[in-house]
Amino acid sequence: MLDESLLDTPEGLADADRRGLLRGAAEAGARVRTAVRHATEAGVADLKPDGRPRAVLIAGPGAAATHTADLLGTLAGPGSPVTRLAPTGVAPAAGALRWELPGWAGSVDLLLIATPDGTEPSLSLLAEQAYRRGCSVVAVAPARTPLAEAVNGAHGLFVPMATTPYDQEEPLAASSPGVFWALFTPLLALLDRLGLLGAAPEDLEKVADRLDHIAERCGPAIVTYSNPAKTLAAELADALPVVWTEGSSAGPAGRRFAAALAELAGRPALVAELPEALAAHSALLAGPLAASADPDDFFRDRVEETPAMHARVVLLRDRPIGGLTAAPSARDLALSHDTPISELEPEEGGELETLAELIAITDFAAVYLSLASRA
């Protein structure tokens, strides 16, 4: 159940926020600026690349590395394929995870390591292995960690992760907004320098400004009826989120939202891209999860019953209304099955700005759903 009264009680939200999730979401813009400064000080802007790498490999633990690889791959396109190296191991602990370079990796490839920990022995070994193979190595991780030493020893480029004092107070959630932007931003600046995508310093400043704007709109002091993130959290209180995305960069944003709902709020979610989502989820919306589905007596006493979970479509779009779009068909399908629909579409701006807005609002929504949920 969701304690909706808590959503409009900033003090209560602060007391419940033991992992600093709201602070991480609110400070995302500042984290981007700090990360850009760290990347500049590390020498990213001074790099003189010989050409595009054949492939970009990304290694790191948890959802932050997964989302970073997903977004970088989408933004970079097919010019230099971006592949995440999935770890193996018996547990998701720093000492238990193992990463290996693919057999074909060599001197024309680039290895990126992104981790909020930096103590993983296998990542240090991976940096050394990449050096022996001739791969270029760049890492973003906390300063003064074993990984920092390993990357420097492998003649790679190390960028200190943008951190805050409260990061050490509680274990960091992999889907934390602060962790994501601290890892993602330096790699954006790097791939811009390599010519794989457009993320010039002025573009990243616009991203930071957009994140600040969303923090003002979605902060804990803004009441639910005028706060898009709190509104979305309240709408998903007893629902199964069915996240539909339209537009290339909205896809990774939707997948990040589904992962954040699972990790932060303990909520399952389904995600698919339009127009294929209409066929993939049509039977689901027509089944027992539809809002109109109730096989028992409508007039029975439900006071003592746990509310049934029904689907709610969340439509994320990164393109303006108009032109070639499946959004009208999506609305028709949802409403034909009495399934409510929530829509998020960013204000006008560049691709990185609109992407940042979708991520920021859904991050805030996942955090609010986490803090206001109770057994």
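Residues numbered from 1 in each chain as written. Predicted model: local features only at pLDDT ≥ 70, side-chain atom pairs only at ≥ 80, totals over all residues. Heavy atoms only, no water.

Next up on the list: the sheet that holds strand β8 (residues 310-317). As summarised here, the arrangement of the 4 strands in space is β7-β6-β8-β9, forming an open sheet in which the pairing is parallel. The outermost strands of the open sheet, each flanked by one partner alone, are β7 (270-273) and β9 (341-344). Pairwise comparison of adjacent strand axes, ignoring direction, gives a mean angle of 20° for this sheet. As paired elements, β8 and β9 share 4 bridges and run parallel to each other. Across the sheet, V313 pairs through a bridge with I341, a residue of β9. Set on the sheet, helix α14 (residues 327-336) makes contact with β6 (239-246), β8 and β9; between it and β8 the angle comes to about 170°. (Pairing = 2+ DSSP bridges. Helix = DSSP H or I, 4+ residues; strand = E, 2+ residues; numbered from the N terminus. Axes fitted to C-alpha atoms, helices over the stretch in contact; angles between N-to-C directions. Contact = heavy atoms within 4.5 Å.)

Relative to the helices and strands, H38 resides in helix α4 (residues 28-42). Setting aside chain neighbours within four positions, we find H38 in contact with V159, P160, M161 and A162.

Moving on: the environment of V367. Secondary-structure assignment places V367 in helix α15 (residues 351-372). On the accessibility criterion, V367 (0% relative accessible area) is buried. Counting along the chain gives 40 residues from V367 to A327, while the straight-line C-alpha distance between them is 27 Å. Those residues in contact with V367, other than ones at most four positions away along the chain, are L21, L22 and L264. (Buried < 20%, exposed > 50% of the residue type's maximum accessible area, 1.4 Å probe, protein only.)

What follows covers helix α5 (residues 62-76). Along an α-helix, residues three or four positions apart point the same way, because every turn accommodates 3.6 residues. Between its terminal C-alpha atoms α5 stretches 22 Å, which fits the 21 Å expected from 15 residues at 1.5 Å a residue. Among the residues making up α5, those that are buried are A63, A64, A65, H67, T68, A69, L71, L72, L75 and A76. Of the surrounding secondary structure, the elements contacted by the buried residues of α5 are β1 (56-59), β2 (82-85), β3 (110-114), α8 (177-193), α11 (250-265) and α15. Following α5 by one or two positions, G77 adopts a phi angle in the positive range, close to 75°. (Expected span 1.5 Å × (residues − 1).)

This next bit is on the packing of helix α6 (residues 121-133) against helix α7 (residues 146-153). Packing of α6 against α7 brings their axes to within 9 Å, and their N-to-C directions diverge by 5°. Taken together, the axis directions place α6 and α7 in an arrangement best described as roughly parallel. Touching L123, S124 and A127 of α6 are P146, L147, A150 and V151, all from α7. Class assignment for the residues of the contact of α6 with α7 results in 6 nonpolar, 1 polar and no charged. (Parallel < 35°, antiparallel > 145°, perpendicular 65-115°, else oblique. Nonpolar A, V, L, I, M, F, W, Y, C, P; charged D, E, K, R; others polar.)

Moving on, we get to the confidence of the model for the protein chain. Per-chain confidence: the protein chain averages 90 in pLDDT, with 91% of residues scoring 70 or above. Confidence scores differ between elements of the protein chain, with helix α1 (residues 4-7) showing the lowest mean pLDDT of 87 and strand β5 (residues 157-160) the highest of 98. (pLDDT = per-residue confidence, 0-100.)

So, about the pairing of β1. Judged by which residues are buried, β1 turns out to be covered on both faces: V56 and I58 on one side and L57 and A59 on the other are all buried. Pairing of β1 with β2, which is carried by 4 bridges, proceeds in the parallel orientation. Bridge pairing in β2 links A59 to L85. The parallel pair β1 and β2, bridged by α5, forms a crossover whose chirality is right-handed. Bridge count between β1 and β3: 4 bridges; the pairing is parallel. Bridging across to β3, L57 finds its partner in L111. (Right-handed = clockwise from strand over helix to strand, strands pointing away.)

By the assigned domains, the protein chain splits into domain 1 (21-201) and domain 2 (223-372). Relative placement of domain 1 and domain 2: their C-alpha centres are 30 Å apart. Between domain 1 and domain 2, the residue contacts involve 20 residues of the former and 19 residues of the latter. Note on domain 1 versus domain 2: buried area summed over both sides is about 1,700 Å², and carbon and sulfur give 73% of it. Taken together, the links from domain 1 to domain 2 amount to 1 salt bridge. Contributions of two or more residues to the side of domain 1 that touches domain 2 are made by α3 (21-26), α5 and α8. It is α5 that contributes the most residues to the side of domain 1 that touches domain 2, 6 residues altogether. Its residues assigned to classes, the side of domain 1 that touches domain 2 shows 14 nonpolar, 5 polar and 1 charged. (Domains from an automatic or database assignment. Buried area = accessible area lost by both parts, 1.4 Å probe. Salt bridge = Lys/Arg side-chain N within 4 Å of Asp/Glu carboxyl O.)

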